[in-house]
Amino acid sequence: MSGVSRFRAMGCEVVLSGGDAAAVAEVFARWEGVFSRFLPESELSRVNRSPAWALKVSPLFARALRAALDAAAETDGLVDPTLAAALESAGYDRDFPLVGDRPQPAGPAAPSRLGEVRLDGLILRRPPGLALDLNGVVKSLAVDEAVLRLTGDGFVSAGGDLAVRGPVDVGLPGGGAVRVVKGGLATSGVATRSWRRDGVGQHHLVDPRTGRPSDSPWAQVTVSGASCLVADVAAKAAFLLGADGPRWLDERGLPGRFLARDGAIVANGAWRRGTVPEPACT
Amino acid sequence: MSRKAAEADNRSRVAAARARARGAKVVLGALTTLVFGVAFVGAKSHAPGHARHRARPLAAPSSFELAVRQSAFAAGAIAPPVQPPPVVTSTS
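The rules behind the values
- Residues numbered from 1 in each chain as written.
- Chains lettered and ligands numbered in written order.
- Predicted model: local features only at pLDDT ≥ 70, side-chain atom pairs only at ≥ 80, totals over all residues.
- Helix = DSSP H or I, 4+ residues; strand = E, 2+ residues; numbered from the N terminus.
- Rg over C-alpha atoms; globule rule 2.2 N^0.38 Å.
- Buried ≥ 20, exposed ≤ 12 C-beta atoms within 10 Å, placed from the backbone.
- Contact = placed C-beta atoms within 7 Å.
- Core = buried A, V, L, I, M, F, W, Y, C linked by C-beta atoms within 7 Å.
- Pairing = 2+ DSSP bridges.
- Axes fitted to C-alpha atoms, helices over the stretch in contact; angles between N-to-C directions.
- Nonpolar A, V, L, I, M, F, W, Y, C, P; charged D, E, K, R; others polar.
- Parallel < 35°, antiparallel > 145°, perpendicular 65-115°, else oblique.
- Left-handed = near helix turned anticlockwise from the far one by under 90°.

What follows covers the overall build of chain A. Counting secondary structure elements, chain A contains eight helices and 17 strands. Relative to its length of 282 residues, chain A is compact, with a C-alpha radius of gyration of 19 Å against a globular reference of 19 Å. Each principal axis of the C-alpha atoms in chain A carries an extent, and together these give about 70 × 40 × 35 Å. Looking at chain A residue by residue over its 282 residues, the buried ones come to 48%. A sequence separation of at least 24 residues applies to 60% of the contacts in chain A between residues at least 6 apart.

Residues and elements named next belong to chain A. Formed by 86 residues in total, the largest nonpolar core has its most connected members in A64, V137, V156, L162, A234 and A238. The dominant element in this core, judged by the number of residues it contributes, is helix α6 (residues 228-241), at 12 residues. Each residue touching A64, except ones within four places of it in the same chain, is listed here: F35, L134, V137, V138 and L141.

Below, the discussion takes up the sheet that holds strand β7 (residues 161-165) of chain A. Residue and element names in this part refer to chain A. Spatial strand order, β1-β2-β6-β7-β10-β15-β16-β17: eight strands in an open sheet with antiparallel pairing. The open sheet is flanked by β1 (4-9) and β17 (265-267), the only strands paired with a single partner. Each strand axis lies, on average, 15° off the axis of its neighbour in the sheet, ignoring direction. Here two bridges tie β7 to strand β10 (residues 184-189), and the two strands are oriented antiparallel to one another. Residue L162 lies in a different strand from β10, and its bridge partner there is L185. Strands in contact with helix α1 (residues 21-35) are β1, β2 (12-17) and β6 (154-158); relative to β1, the strand with the most contacts, it is inclined by about 20°.

Moving on, we come to the interface of chain A and chain B. Contact residues are listed per partner, giving 50 residues for chain A and 21 residues for chain B. Taken together, the residues of the side of chain A that touches chain B sort by class into 22 nonpolar, 18 polar and 10 charged. Sheet topology note: the strand β9 (residues 177-182) of chain A/strand β1 (residues 77-79) of chain B ladder contains three bridges and is antiparallel. Bridge pairing in β1 of chain B links K182 of chain A to A77 of chain B.

Here we take up the sheet that holds strand β4 (residues 118-120) of chain A. Residues and elements named next belong to chain A. Strand order in the open sheet formed by three strands is β3-β5-β4, with antiparallel pairing between adjacent strands. Either end of the sheet is taken by a strand with one partner, and the two such strands are β3 (54-56) and β4. With direction set aside, neighbouring strand axes in the sheet form an average angle of 20°. Of the strand pairs in this sheet, β3 and strand β5 (residues 123-125) are connected by three bridges, and their pairing is antiparallel. Residue pairing across strands places L55 opposite L124, the latter belonging to β5.

Residue and element names in this part refer to chain A. For β6, a buried count of five out of five residues is recorded, marking the element as mostly surrounded by other parts of the structure. The two faces of β6 match: G154, V156 and A158 on one face and F155 and S157 on the other face are all buried. By the bridge criterion, four bridges tie β2 to β6 in an arrangement that is antiparallel. Bridge pairing in β6 places V15 opposite S157. Pairing geometry for β6 and β7, over five bridges, is antiparallel. Within β7, the residue paired with F155 across the bridge is V164.

A word on the packing of α1 of chain A against helix α5 (residues 135-147) of chain A. Residue and element names in this part refer to chain A. Running from N to C, α1 and α5 cross one another at 155°; their axes reach a closest spacing of 9 Å. The pairing of α1 with α5 is recorded here as roughly antiparallel in orientation. Relative to α5, α1 is oriented so that their crossing is right-handed. Touching V24, V27, F28, W31 and F35 of α1 are V138, A142, E145 and A146, all from α5.

Residues and elements named next belong to chain A. At M10, a residue that is not glycine, the phi angle is positive and equals roughly 50°. Take M10: it is sitting in the loop between β1 and β2. Within the chain, D76 stands out as a residue other than glycine whose phi angle is a positive 55°. Mapped onto the secondary structure, D76 falls in the loop between α3 (59-74) and α4 (84-90). Taking the C-beta count within 10 Å as the criterion, D76 has 11 such neighbours and is therefore assigned exposed.

In this section: the packing of α5 of chain A against α6 of chain A. All names here are of chain A. Where α5 meets α6, the closest approach of the two axes is 8 Å, and the angle between their N-to-C directions is 155°. Here α5 lies roughly antiparallel to α6, going by the angle between them. Helix-helix and strand crossings are classified by hand; for α5 and α6 the assignment is right-handed. Together, G136, V137, S140, L141, V143 and D144 of α5 and C228, L229, D232, V233 and K236 of α6 make up the contact between the two elements.

Fair warning: the whole summary comes from geometry, so function is off the table for now.
Pasting the structure below:
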């Protein structure tokens, strides 16, 4: 594997090996330019500001929104692109380094409005004022596209959302490592993107059933998927499902590793089967 | 011309007229059948309301939907590590 390159994009560190960093950076710049909630001229910001009930979006926007709606369907609405208002209410209303702790309380809960969004081809229909947040899928989609730009075996990782071309060993939260042979690996949790409002802990993983940051017992959930998108969506859903997360992943054959808030590590059956060394022949 | 000869001449003219009428009917019938047949085949071939083949359901076959669903939400491949990791998965 060739040398490792690093740069910053989408508010996190991107690490890659096996390809040209400039080509990968171009991919991330394009996705960030379209989907940032905090760039006023991004397409997402313009869509969220638009007073129209129906509007035509770009093919890239439609692709990401379709992936987000599919993720919502696949997770029974747990991974939801209509929670931007809930995130802002919790305090995530600017680039994360500027969020910080504040003495003011968090705003009211903002439940899901998933049923009000329709996408037909490039035509998006939703009530004006319904703000979308596609960050649940955008970073992993960018990683999946970026890994296609690699010229040899290697990986692309953005804030821990990772896709590989050829086997790569990856360090895990709480210690240990795993070899990602194919596909992607993603970790979702509250270790980094968390803050306080009026002394109450907040984070970016909003439970659409309550419209507030989840009170999941997990600190971080790591999932292996056929792509980084699958891994990321499944990790978020498993995190939000709390104690049911390991079973939910096993029902879908997805390997998952859960780091509890008390430091305990729980691996579901698919993860254990994938990571137990084959017994040596005797 | 005698009366008998005149009657025979009239009968032959009527018979000839009837024969011409029968011929015209046959030709008209054949033309009608031909035009109907051509129109029928043309409509079958080109009109959207007339299927050329047996109609198939508009939905994708269930096997295809299953394959797409499985590939859309399928597991990756993992194994025990064999060397120090060059990268760490962290919280996103």
